[in-house]
Every structure is written in C-alpha cells, then in structure tokens.
Amino acid sequence: MKILFVLMLALAALFAFAQAEEKCDEACPYNYAPVCAKPLTGTGKALTFGNDCAVRVYSCETKTSSKAPTFPDDGKLRLYTMKFCPFGHRSQLIVEANKIPNHTVFVNTKDKPEWFIEKSPTAKVPTLEIPNKPEPLVESLIVSDYLVDYQPNSSLKSSDSYQRALDNILLDRYNGVISLFYAMLRGTAESTPENVTKFFNALEYYENQLKKRGTKFFNGSRPGFVDYMIWPWIERIDIVPNLIKGTFEWDENRFKNFLTWKKDMEQDPTVNTFWLSVEDHTTFITTFAAGNPNFYIQLISVVFIATLTNTSPAKKDSCQTVCTADYTPICAQIAQGKGADITFGNSCVLANYNCQHKDRAYTRKSDGECPGKAPVRL
C-alpha cells in the first residue's frame, strides 16, 4: 500500500496536462528552498517553486504539453476536460456514476494545445473521443447523454419517455440558472443584488419540482442524470458569498427541499469523487478572472508549485506543511454538518486539509482506511 501511495503522489503531479511521449518523472526532494521563476518567453506572472527540481519538472511538463497524448489500443473512451470547468464536471460525474472505463485528459483551456484545437470541433471541454468513430462529440449535455446510453441498463434516466421529456424541460430551463450564476459573479455593485434576486427566482422552479415529485433526488431515490447535470454549479454556489459579500443569502424556508437535496448530493459517492472545496473553487475563479488561471491547485505538496505571485519571493504557506510519504491511513469524519468519511494518508495530510478547509474540517474517526468506497486524500 505504501508503494501505491508513493506512485499516486507522482501521478498527481502530472494530472493537469495530457500525457506525452517525453517523461517528466524526475523525483524531487521534499526540501522547501523557494525559487522565484519567470517565463523564458512571452509575458506572464512569475511563479514561486518549492525548489530547483520543481522548476525543471514544471518546465518539462509545459514543454511536452503541446504534444498530443498517446493511448493504448484498448477501445476505451477518451474524455478531454478541465478539472475546474463545471461543464466538463458534468461528463466526469456520468463517467463515474456509470463506471465507464476511460482515459481522462485534463486540458489547459487558457493556452489550448494545437493538437486539441485540431481534435475538437469547438476547442471546448468536454470533448469525447470514441475509438473507431469519425469525429468526437462536444457540448456537455450531448456528451453526458451519450455516456448515459453508453452503459446498458443505466439507471440514471427514467425508463418512461414522458418523465424523460419532463426532465429535459428541467435541463433546458437550467441554462437560465447557469447564466444568472455567472451574472452574479460578473455584476457591478449596482447590478449584483438584482442578479441575485433573479437567480433565486429561477432556482425556485427546482425547489417546486422537488416538492412536486416528492422524491429525495430529481431522479428518485438515487441521483440521476438531472441531478448530476445540475450539480456542478451548486457545488460552486458557496463561492458566491466569498466574492460578493453581503448580498447572497439562502432563505432556508423558501428552499427547504432544495437545500436538503444539496446536502444529500454532498454525501453521494460519485459527487465526492470530484468534490473540490470552496477555497479551491474560489482560488481558481479568482485567478481565472485575473487572466492567470491556476490549474495547479492541490499540487503544491507534490511538486511545490505555488500559487501565482508577484516577482518577489513568496513566504511559505502556513497551511502547506510538507508531509512525509509514509502511508499510515486515518479514517476521518466531518466535524460539523454532514459529509462522507474520508481516508487521509497520514495525520499530517489531515492537518494540512483542516488548515486549508476551516469551514469543512474533519476529525479522526479511527485508524486505518475508511470502509467501503470512501474517497482517499493523499
């Protein structure tokens, strides 16, 4: 298990870019000797790296990221997405819920590689490449719908054609909710309160649908296609108060059913597989809005790639204690509220997590791995 833990650490450092023929597998030491580095060509802010080795690994990865990934001839689907994109998130949820074997490639959507632009008709994520088919599929609902049907006897959609039509109406109307979500984030001080009101008014339709259906999820007793298509923006909704303070507040009476659905979705194993904290989402959208999206969130402890900084050397983040690679698992439970148990690689990893996620801290439940298919945090 310890060997697996070390291997997972190494693989995590490479997830942000597609696998290329050239290997960037230099093993960096865990000493923190920060180096401020600037791009060799072009413009861009400096990055603070944990040490010289981390600079070399990063340079290797970004250099090779322009090469198209190669895949074994195994017939598996190839999903091109981006970790922080809610549209790509949709397809990842369906792949996981349906347990579809696949190759997932994370694409840098700011500086898109030429091979991806040539491969995808829209140069957007998600893009789904199907072996032996002439062209890939694009657009999140189209890709996700295909992924539902790809798995025979999937329970993610109703078998009743009328109910499926009603579900499609929900998803069609949800485009308006998505637009208002972004309007809240982009609005001015004058327009934001109005956008918040419009958002809640649009979301009330889904509160009423849950009440009318009388089920735990839109799909019934378990999450289904509609639930997973709606979820990515609801996972991100808690970033709104961080970005437009004082103007966004849930009415617990008005959205009683919807907020219960939200809590139940947070405990779903499929959702937990890709769940990111409010802090992670906030960091990404803030750097994205500034024109320098940070695709390396959660990688600092592996290759010491720090968040974007100015050209002066950055101080070591107090929440980024460098943990040893020993695998002494701890099963932890959420300290307040509801949430799935998580297996942490060791006590240091748990402490780092709690430092970074003070609003969603975990406490030790027992030594060893959590039972079942609990997510693992390394």
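The structure presented is a predicted model; accordingly, all values stated were derived computationally and were not measured.

Rules and cut-offs
- Residue numbers restart at each chain and count upward from 1, following the sequence in its written direction.
- Where totals are concerned, whole chains, interfaces and linings use all residues; where local detail is concerned, this predicted model gives features only for residues with pLDDT of at least 70, and gives and counts side-chain atom pairs only at 80 or more.
- Neither water nor hydrogens contribute to the side-chain values; these are computed over all heavy atoms in the structure.
- Here a strand pair is declared whenever DSSP counts at least two bridges between the two strands.
- Segments assigned H or I by DSSP are reported as helices when at least four residues long, segments assigned E as strands when at least two residues long, and all are numbered from the N terminus.
- The handedness of a crossover follows from its direction of travel: if, with the strands pointing away from the viewer, the path from the first strand over the helix to the second runs clockwise, the crossover is right-handed.
- For this analysis, a salt bridge means a side-chain nitrogen from Lys or Arg found within 4 Å of a carboxyl oxygen belonging to Asp or Glu.
- Each residue's exposure class comes from its accessible area (1.4 Å probe, protein chains only) as a fraction of the maximum for that residue type: buried when under 20%, exposed when over 50%, partly exposed otherwise.
- Two cysteine sulfur atoms make up a disulfide if the distance between them is within 2.5 Å.
- Contact criterion: two residues are considered in contact whenever any of their non-hydrogen atoms come within 4.5 Å of each other.
- To obtain each axis, a line is fitted to C-alpha atoms, and for helices this fit is confined to the stretch in contact; angles are then taken between N-to-C directions over 0 to 180 degrees.
- Nonpolar core, defined: a set of buried Ala, Val, Leu, Ile, Met, Phe, Trp, Tyr and Cys residues in which side-chain atoms within 4.5 Å join the residues together.
- Side-chain rings of Phe, Tyr and Trp, where Trp is taken by its six-membered ring, are said to pair if the distance between their centres is within 6.5 Å; with planes under 30 degrees apart they count as stacked, over 60 as edge-to-face, and otherwise as tilted.
- We call a charge positioned above a ring when the Lys NZ or Arg CZ atom is no farther than 6 Å from the ring centre and deviates by at most 35 degrees from the ring normal.
- Side-chain atoms alone can form a polar contact between residues adjacent in sequence; in general such a contact is a pair of N or O atoms within 3.5 Å, and within protein one must be able to donate a hydrogen while the other accepts it.

S.K.: Tell me about the pairing of strand E4 (residues 102-106), and name the residues and values.
M.R.: Here five bridges tie strand E3 (residues 77-81) to E4, and the two strands are oriented parallel to one another. The residue bridging threonine 81 from the neighbouring strand is phenylalanine 106, located in E4. With helix H3 (residues 86-97) bridging E3 and its parallel neighbour E4, the resulting β-α-β unit is right-handed.

S.K.: I'd like a description of unusual backbone geometry, backed by residues and values.
M.R.: Across the junction of valine 125 and proline 126, the peptide omega takes the value 0°, indicating a cis bond. For proline 126, the position within the fold is in the loop between helix H4 (114-119) and strand E5 (127-129). Although it is not a glycine, alanine 123 adopts a positive phi angle of roughly 55°. Here alanine 123 shows up in the loop between H4 and E5.

S.K.: Tell me about the pattern of salt bridges, residues and numbers included.
M.R.: In the structure shown here, the tally under the stated rule is eleven salt bridges. With a closest N to O distance of 2.9 Å, arginine 213 and aspartate 167 form a salt bridge. A residue pair is termed long-range when its members are at least 10 positions apart, and arginine 213 in helix H7 (residues 192-213) and aspartate 167 in helix H6 (residues 161-186) qualify at 46 residues. The salt bridge partner of glutamate 194 is lysine 198, with a shortest N-O separation of 3.3 Å. With glutamate 194 and lysine 198 both in helix H7 and four residues apart, this pair spans about one turn of that helix. For glutamate 194, a relative accessible area of 46% puts it in the partly exposed group. Look at lysine 198 and you get partly exposed, because its relative accessible area is 41%. Among the ionic contacts, a cluster of salt bridges with common partners joins Arg78, Lys119 and Glu129.

S.K.: I'd like a description of the state of the cysteines, backed by residues and values.
M.R.: According to the stated counting rule, one finds one disulfide in the structure shown. Between the sulfur atoms of cysteine 331 and its disulfide mate cysteine 370 the distance is 2.1 Å. Between cysteine 331 and cysteine 370, the disulfide has an S-S torsion of 110° and is therefore right-handed. Highlighted residues: cysteine 331 in strand E8 (residues 330-334) and cysteine 370 in the loop between strand E10 (362-367) and strand E11 (376-377), separated in sequence by 39 residues. Accessibility assignment for this pair places cysteine 331 and cysteine 370 in one class, buried.

S.K.: Provide a residue-level description of the sheet that holds strand E6 (residues 137-138), including the pertinent values.
M.R.: The sheet built from four strands is open, its strands ordered E4-E3-E5-E6 with mixed pairing. Lying at the two open borders of the sheet, with one neighbouring strand each, are E4 and E6. As paired elements, E5 and E6 share two bridges and run antiparallel to each other. Paired with leucine 128 across the bridge in E6 is leucine 137. Along the sheet face, H3 touches E3 and E4 and points at about 150° away from the line of E3.

S.K.: So what's going on with the nonpolar core? Residues and values would help.
M.R.: The biggest cluster of nonpolar side chains holds 50 residues, and the ones touching the most others in it are Phe199, Tyr206, Phe248, Phe258 and Trp261. Going through the elements one at a time, E3, H3, helix H5 (140-150), H6, H7, helix H8 (225-235) and helix H10 (256-266) are the ones with two or more residues in this core. Residues contacting phenylalanine 258, with those up to four places away along its chain left out, are Leu203, Tyr206, Glu207, Leu210, Phe218, Ile234 and Trp250. In this structure, Tyr80, Phe84, Cys85 and Val125 belong to the second largest nonpolar core, which totals twelve residues.

S.K.: Requested: an account of the side chain of threonine 81, with residues and values cited.
M.R.: Mapped onto the fold, threonine 81 is located in strand E3. Sequence-distant contacts of threonine 81, that is, excluding residues within four places in its chain, are made with Gly88, His89, Gln92, Thr104, Val105, Phe106, Val107 and Val125.

S.K.: Explain the pairing of E8 to me, using residue names and the numbers behind them.
M.R.: E8 sits mainly inside the fold: four of its five residues count as buried. In terms of strand pairing, E8 meets strand E9 (residues 342-344) through three bridges, oriented antiparallel. In the strand pairing of E9, isoleucine 330 is matched with phenylalanine 344. Where E8 and E10 come together, five bridges link them in antiparallel fashion. For isoleucine 330, the partnering residue across the bridge sits in E10 and is aspartate 367.

S.K.: I'd love a proper account of the packing of aromatic side chains, names of residues and values included.
M.R.: Per the counting criterion, the structure on display carries 26 aromatic pairs. Ring plane angle 80° and centroid distance 5.8 Å describe the contact between tyrosine 353 and tyrosine 362, whose orientation is recorded as edge-to-face. You'll find tyrosine 353 and tyrosine 362 in the same group, each marked buried. Positioned above the aromatic ring of phenylalanine 225, the side-chain terminus of lysine 157 is 4.5 Å from the ring centre. The lysine or arginine in question, arginine 173, covers the ring of tyrosine 205, its NZ or CZ lying 3.7 Å from the ring centre.

S.K.: Would you mind going over helix H14 (residues 347-356) in detail, with residue names and values included?
M.R.: Inspection of H14 places Val349, Leu350, Asn352, Tyr353 and Asn354 among the buried residues, and these make up the whole buried set. Two or three places before cysteine 348, at the start of H14, stands the capping residue asparagine 346, its side-chain oxygen 3.1 Å from that residue's backbone nitrogen.

S.K.: Lay out the environment of arginine 360 with the relevant residues and their values.
M.R.: With respect to the helices and strands, the residue arginine 360 is situated in the loop between H14 and E10. Its relative accessible area of 12% is what places arginine 360 among the buried residues. Spatially, the C-alpha atoms of arginine 360 and isoleucine 334 are 6.8 Å apart, while their sequence positions differ by 26 residues.

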